[in-house]
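Topology and contacts: notes
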Amino acid sequence: MEEGKKDLNESLDKAKEVMDNITEKVSELAGRASEHIVDAVEDVKTTVSEIVSDESIQNVKENANEFAGEAKEVLEDIAEKTSELVGEASEHIVDFAEDAQEEMKETTTKTKNFFQRLFRK
(Lines give C-alpha, C1' and ligand atoms only; values in the text may rest on other atoms or scores of the structure.)
Protein backbone atom coordinates (compact mmCIF):
# COMPACT_ATOMS: atom_id res chain seq x y z
CA MET A 1 0.00 0.00 0.00
CA GLU A 2 2.90 2.26 0.66
CA GLU A 3 3.91 1.68 -2.90
CA GLY A 4 0.52 2.99 -4.08
CA LYS A 5 0.86 6.02 -1.83
CA LYS A 6 4.30 6.69 -3.20
CA ASP A 7 3.03 6.42 -6.80
CA LEU A 8 0.14 8.71 -5.96
CA ASN A 9 2.47 11.30 -4.46
CA GLU A 10 4.75 11.11 -7.49
CA SER A 11 1.75 11.55 -9.80
CA LEU A 12 0.57 14.53 -7.76
CA ASP A 13 4.04 16.07 -7.89
CA LYS A 14 4.15 15.59 -11.67
CA ALA A 15 0.65 17.07 -12.01
CA LYS A 16 1.75 20.03 -9.88
CA GLU A 17 4.83 20.45 -12.05
CA VAL A 18 2.69 20.33 -15.23
CA MET A 19 0.25 22.87 -13.73
CA ASP A 20 3.20 25.13 -12.76
CA ASN A 21 4.51 24.90 -16.36
CA ILE A 22 1.05 25.65 -17.78
CA THR A 23 0.63 28.60 -15.40
CA GLU A 24 4.05 29.94 -16.39
CA LYS A 25 3.29 29.60 -20.13
CA VAL A 26 -0.13 31.22 -19.73
CA SER A 27 1.45 34.09 -17.80
CA GLU A 28 4.04 34.55 -20.55
CA LEU A 29 1.34 34.54 -23.22
CA ALA A 30 -0.78 36.97 -21.24
CA GLY A 31 2.24 39.26 -20.88
CA ARG A 32 2.90 39.15 -24.61
CA ALA A 33 -0.76 39.70 -25.41
CA SER A 34 -0.93 42.68 -23.07
CA GLU A 35 2.15 44.15 -24.76
CA HIS A 36 0.44 43.76 -28.16
CA ILE A 37 -2.76 45.26 -26.80
CA VAL A 38 -0.84 48.23 -25.39
CA ASP A 39 0.89 48.67 -28.78
CA ALA A 40 -2.43 48.46 -30.59
CA VAL A 41 -3.99 51.03 -28.27
CA GLU A 42 -1.03 53.34 -28.83
CA ASP A 43 -1.40 52.90 -32.60
CA VAL A 44 -5.10 53.73 -32.36
CA LYS A 45 -4.35 56.80 -30.25
CA THR A 46 -1.74 57.93 -32.77
CA THR A 47 -4.11 57.38 -35.69
CA VAL A 48 -6.90 59.26 -33.95
CA SER A 49 -4.50 62.10 -33.17
CA GLU A 50 -3.46 62.24 -36.82
CA ILE A 51 -7.06 62.25 -37.98
CA VAL A 52 -7.96 65.04 -35.62
CA SER A 53 -4.78 66.97 -36.30
CA ASP A 54 -4.87 70.42 -37.80
CA GLU A 55 -3.29 69.06 -40.97
CA SER A 56 -6.08 66.55 -41.46
CA ILE A 57 -8.70 69.18 -40.78
CA GLN A 58 -6.97 71.45 -43.29
CA ASN A 59 -7.02 68.62 -45.84
CA VAL A 60 -10.74 68.15 -45.25
CA LYS A 61 -11.30 71.88 -45.70
CA GLU A 62 -9.27 71.89 -48.93
CA ASN A 63 -11.21 68.90 -50.26
CA ALA A 64 -14.48 70.56 -49.32
CA ASN A 65 -13.42 73.77 -51.06
CA GLU A 66 -12.35 71.80 -54.13
CA PHE A 67 -15.68 69.97 -54.26
CA ALA A 68 -17.54 73.24 -53.74
CA GLY A 69 -15.60 74.77 -56.64
CA GLU A 70 -16.43 71.81 -58.86
CA ALA A 71 -20.09 71.97 -57.84
CA LYS A 72 -20.12 75.69 -58.66
CA GLU A 73 -18.69 74.98 -62.12
CA VAL A 74 -21.28 72.26 -62.74
CA LEU A 75 -24.09 74.58 -61.66
CA GLU A 76 -22.75 77.33 -63.92
CA ASP A 77 -22.67 74.85 -66.81
CA ILE A 78 -26.23 73.80 -66.04
CA ALA A 79 -27.35 77.43 -65.88
CA GLU A 80 -25.65 78.14 -69.21
CA LYS A 81 -27.19 75.09 -70.91
CA THR A 82 -30.60 75.96 -69.46
CA SER A 83 -30.27 79.49 -70.73
CA GLU A 84 -29.35 78.19 -74.19
CA LEU A 85 -32.32 75.80 -74.20
CA VAL A 86 -34.69 78.54 -73.09
CA GLY A 87 -33.32 80.80 -75.84
CA GLU A 88 -33.83 78.11 -78.46
CA ALA A 89 -37.29 77.31 -77.15
CA SER A 90 -38.30 80.98 -77.20
CA GLU A 91 -37.11 81.25 -80.83
CA HIS A 92 -39.22 78.23 -81.73
CA ILE A 93 -42.20 79.64 -79.86
CA VAL A 94 -41.83 82.95 -81.70
CA ASP A 95 -41.60 81.09 -85.03
CA PHE A 96 -44.62 78.98 -84.08
CA ALA A 97 -46.59 82.09 -83.08
CA GLU A 98 -45.69 83.80 -86.36
CA ASP A 99 -46.69 80.69 -88.33
CA ALA A 100 -49.94 80.44 -86.38
CA GLN A 101 -50.65 84.12 -87.05
CA GLU A 102 -50.06 83.56 -90.78
CA GLU A 103 -52.36 80.54 -90.74
CA MET A 104 -55.04 82.56 -88.92
CA LYS A 105 -54.80 85.32 -91.52
CA GLU A 106 -55.09 82.79 -94.33
CA THR A 107 -57.96 81.00 -92.62
CA THR A 108 -59.74 84.29 -91.94
CA THR A 109 -59.30 85.36 -95.54
CA LYS A 110 -60.50 82.00 -96.88
CA THR A 111 -63.48 81.96 -94.51
CA LYS A 112 -64.37 85.53 -95.43
CA ASN A 113 -64.13 84.68 -99.13
CA PHE A 114 -66.22 81.55 -98.62
CA PHE A 115 -69.03 83.42 -96.88
CA GLN A 116 -68.91 86.23 -99.43
CA ARG A 117 -69.29 83.74 -102.26
CA LEU A 118 -71.94 81.84 -100.39
CA PHE A 119 -74.15 84.83 -99.67
CA ARG A 120 -73.66 86.54 -103.07
CA LYS A 121 -75.04 83.65 -104.92
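Criteria and cut-off values
Residues numbered from 1 in each chain as written. Predicted model: local features only at pLDDT ≥ 70, side-chain atom pairs only at ≥ 80, totals over all residues. Heavy atoms only, no water. Helix = DSSP H or I, 4+ residues; strand = E, 2+ residues; numbered from the N terminus. Rg over C-alpha atoms; globule rule 2.2 N^0.38 Å. Areas by Shrake-Rupley, 256 points an atom, 1.4 Å probe, with all protein chains shown as cover. Lys, Arg positive; Asp, Glu negative; His and termini not counted. Charge placed at Lys NZ, Arg CZ, Asp CG, Glu CD. Phe/Tyr/Trp six-rings, centres within 6.5 Å; stacked < 30°, edge-to-face > 60°. Buried < 20%, exposed > 50% of the residue type's maximum accessible area, 1.4 Å probe, protein only.

**Focus on the overall build of the protein**
Tallying secondary structure elements over the protein gives two helices and zero strands in all. The C-alpha radius of gyration of the protein comes to 48 Å, more than 25% above the 14 Å expected for a compact globule of 121 residues. Overall, the protein is about 155 × 45 × 10 Å in size when its C-alpha atoms are taken along their principal axes. By element, 59% of the accessible surface of the protein is carried by carbon and sulfur atoms, the whole surface being about 11400 Å². For the protein, the centre of its 16 positive side-chain charges and the centre of its 32 negative side-chain charges are spaced 13 Å apart.

**Topic: the packing of aromatic side chains**
How two aromatic rings sit relative to each other is given by the distance of their centres and the angle of their planes. Under the counting rule described, the total for this entry stands at two aromatic pairs. An angle of 70° between the planes, with centres 5.5 Å apart, marks the rings of Phe-114 and Phe-115 as edge-to-face. What makes Phe-114 partly exposed here is its relative accessible area of 46%. According to the relative accessible area criterion, Phe-115 is partly exposed, its value standing at 41%. When the ring of Phe-115 is compared with that of Phe-119, the centres are 6.1 Å apart and the planes differ by 15°; the resulting orientation is stacked. Residue Phe-115 and its partner Phe-119 are located together in helix α2 (residues 54-120), separated by four residues, close to a single helical turn. Here the aromatic cluster, defined as three or more aromatic residues joined through ring pairs, consists of Phe-114, Phe-115 and Phe-119.

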